[in-house]
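Residue-level listing of the chains:
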Protein chains: 2
Amino acid sequence: MPVLLQVDFKTEGPFGREMSEAYTDLAQSITGEPGFLWKIWTESEENREAGGIYLFETKQHAEDYLAMHTARLQSFGITGIRGRIFDVNGPLTEMTSGPVG
Amino acid sequence: MPVLLQVDFKTEGPFGREMSEAYTDLAQSITGEPGFLWKIWTESEENREAGGIYLFETKQHAEDYLAMHTARLQSFGITGIRGRIFDVNGPLTEMTSGPVG
């Protein structure tokens, strides 16, 4: 069963279309990270927050990515980064159509 | 574009197979909630945390569910529930194969 990485932080943007344009190269590079399966990019202009939900092949892959990505976000001037790594409960997730297969 | 709800909290369990068995009825009921699309059930026995990543059709659906679910978790004796509602950045999520389509 793959492992889920949940990241969020406070930010003053960019959001929406500007965010899409600013991070196109970053998105391309993320797809090549070891053990990477997918990422949903999250944002809330209203709450001045953004982040991501990731699926990785193993916990070690998620831990290595989180350490690297936290340092990268800090280099952008972002602080207060919250990262959590979770196992996925397979039977319950299957019952609620969670896309981890 | 659907809306993502991210929930997590501290818990002493159940985890793993016991969690699957304890929440089977709850999982069935969640699939019938208004605007519900999917849920990934998250858990970390190591960190004594659990939660869920949900996709809903609209922000209103996510807000209504979060209010109901927070009250339900509190009725189980759970405190310190953290819920965040995010928009999904569509173009970036598509680039990184995020399963929101």
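Residues numbered from 1 in each chain as written. Chains lettered and ligands numbered in written order. Predicted model: local features only at pLDDT ≥ 70, side-chain atom pairs only at ≥ 80, totals over all residues. Heavy atoms only, no water.

A. Structural view of the overall build of chain A. Scanning chain A from terminus to terminus reveals four helices and four strands. Going residue by residue from the N terminus, the α and β elements of chain A occur as β-α-α-β-β-α-β-α. For chain A, whose C-alpha radius of gyration is 14 Å, the value lies close to the compact-globule estimate of 13 Å for 101 residues. When its C-alpha atoms are laid out on the principal axes, chain A stretches across 40 × 25 × 25 Å. Taking contacts inside chain A between residues at least 6 apart in sequence as the whole, the part at least 24 apart equals 64%. Counting every atom, chain A has about 4700 Å² of accessible surface; 48% of that belongs to carbon and sulfur. (Helix = DSSP H or I, 4+ residues; strand = E, 2+ residues; numbered from the N terminus. Rg over C-alpha atoms; globule rule 2.2 N^0.38 Å. Contact = heavy atoms within 4.5 Å. Areas by Shrake-Rupley, 256 points an atom, 1.4 Å probe, with all protein chains shown as cover.)

B. Up close: the relation of the copies chain A and chain B. With an axial shift of 0.0 Å and an RMSD of 0.0 Å, the rotation relating chain A to chain B amounts to 180°. Accordingly, the operation relating the two chain copies is best matched by a two-fold axis. Taking the C-alpha atom as reference, chain A places Pro-99 of chain A closest to the rotation axis, 3.3 Å from it. Take the interface residues of chain A: 100% of them recur as interface residues in chain B, which is what a same-surface contact looks like. (Least-squares fit on C-alpha atoms with pLDDT ≥ 70 in both.)

C. Examining helix α3 (residues 59-75) of chain A more closely. Residues and elements named next belong to chain A. Over its 17 residues, α3 runs 24 Å from end to end, which matches the ideal 24 Å to within 8%, given 1.5 Å per residue. When α3 is considered as a whole, its buried residues turn out to be Ala-62, Tyr-65, Leu-66, His-69, Thr-70, Arg-72 and Leu-73. One side of α3 holds all its buried residues, which, seen down the axis, span an arc of 165°. Residues of α3 that are exposed and angled more than 90 degrees away from the buried face: Ala-67 and Ser-75. Those residues of α3 hidden inside the fold are in contact with β1 (3-10), α2 (24-30), β3 (49-56) and β4 (82-88). Positioned one or two residues after α3, Gly-77 has a phi angle of 95°, which is positive. (Expected span 1.5 Å × (residues − 1). Buried < 20%, exposed > 50% of the residue type's maximum accessible area, 1.4 Å probe, protein only. Arc of directions from axis to C-beta.)

D. Local environment of the pairing of β4 of chain A. In terms of strand pairing, β1 of chain A meets β4 of chain A through six bridges, oriented antiparallel. Looking at β4 of chain A, one finds that Val-3 of chain A is bridged to Asp-87 of chain A. Direction of pairing for β4 of chain A relative to strand β2 (residues 36-44) of chain B: antiparallel, over a ladder of two bridges. Pairing of Val-88 of chain A across the sheet is with Thr-42 of chain B, part of β2 of chain B. (Pairing = 2+ DSSP bridges.)

E. Quick look at the pattern of salt bridges. Residues and elements named next belong to chain A. Applying the stated rule across the entire model yields 10 salt bridges over all chains. Between Glu-49 and Lys-10 there is a salt bridge, with the nearest N and O atoms lying 3.5 Å from each other. Taken as a pair, Glu-49 in strand β3 and Lys-10 in strand β1 lie far apart in primary sequence, 39 residues in all. Under the relative-accessibility criterion, Glu-49 is labelled buried at 7%. (Salt bridge = Lys/Arg side-chain N within 4 Å of Asp/Glu carboxyl O.)

F. Representation of the interface of chain A and chain B in the model. Tallying the contact residues gives 42 residues for chain A and 42 residues for chain B. Inspection of the region where chain A meets chain B yields six salt bridges. Here Arg-84 of chain B makes a salt bridge to Glu-49 of chain A, at a shortest N to O gap of 3.2 Å. Our count for the contact surface shared by chain A and chain B stands at 26 residue pairs in polar contact (both at pLDDT 80 or more). Counting residues per element, the ones that place at least two in the side of chain A that touches chain B are β1, α1 (16-22), α2, β2 (36-44), β3, β4 and α4 (90-95) of chain A. In terms of residue count, β2 of chain A provides more of the side of chain A that touches chain B than any other element does, nine residues in total. A breakdown of the residues in the side of chain A that touches chain B according to their chemical character gives 19 nonpolar, 14 polar and nine charged. (Polar contact = N/O pair within 3.5 Å; in protein donor to acceptor, adjacent residues only side chain to side chain. Nonpolar A, V, L, I, M, F, W, Y, C, P; charged D, E, K, R; others polar.)

G. Layout of the sheet that holds β2 of chain A. A barrel is described by the order of its strands in space; here eight strands give the closed sequence β1(A)-β3(A)-β2(A)-β4(B)-β1(B)-β3(B)-β2(B)-β4(A), paired in antiparallel fashion. For this sheet the average axis-to-axis angle between neighbouring strands, irrespective of direction, equals 35°. Contacts from α3 of chain A reach β1, β3 and β4 of chain A within the one sheet, and its direction differs from that of β1 of chain A by about 15°. (Axes fitted to C-alpha atoms, helices over the stretch in contact; angles between N-to-C directions.)

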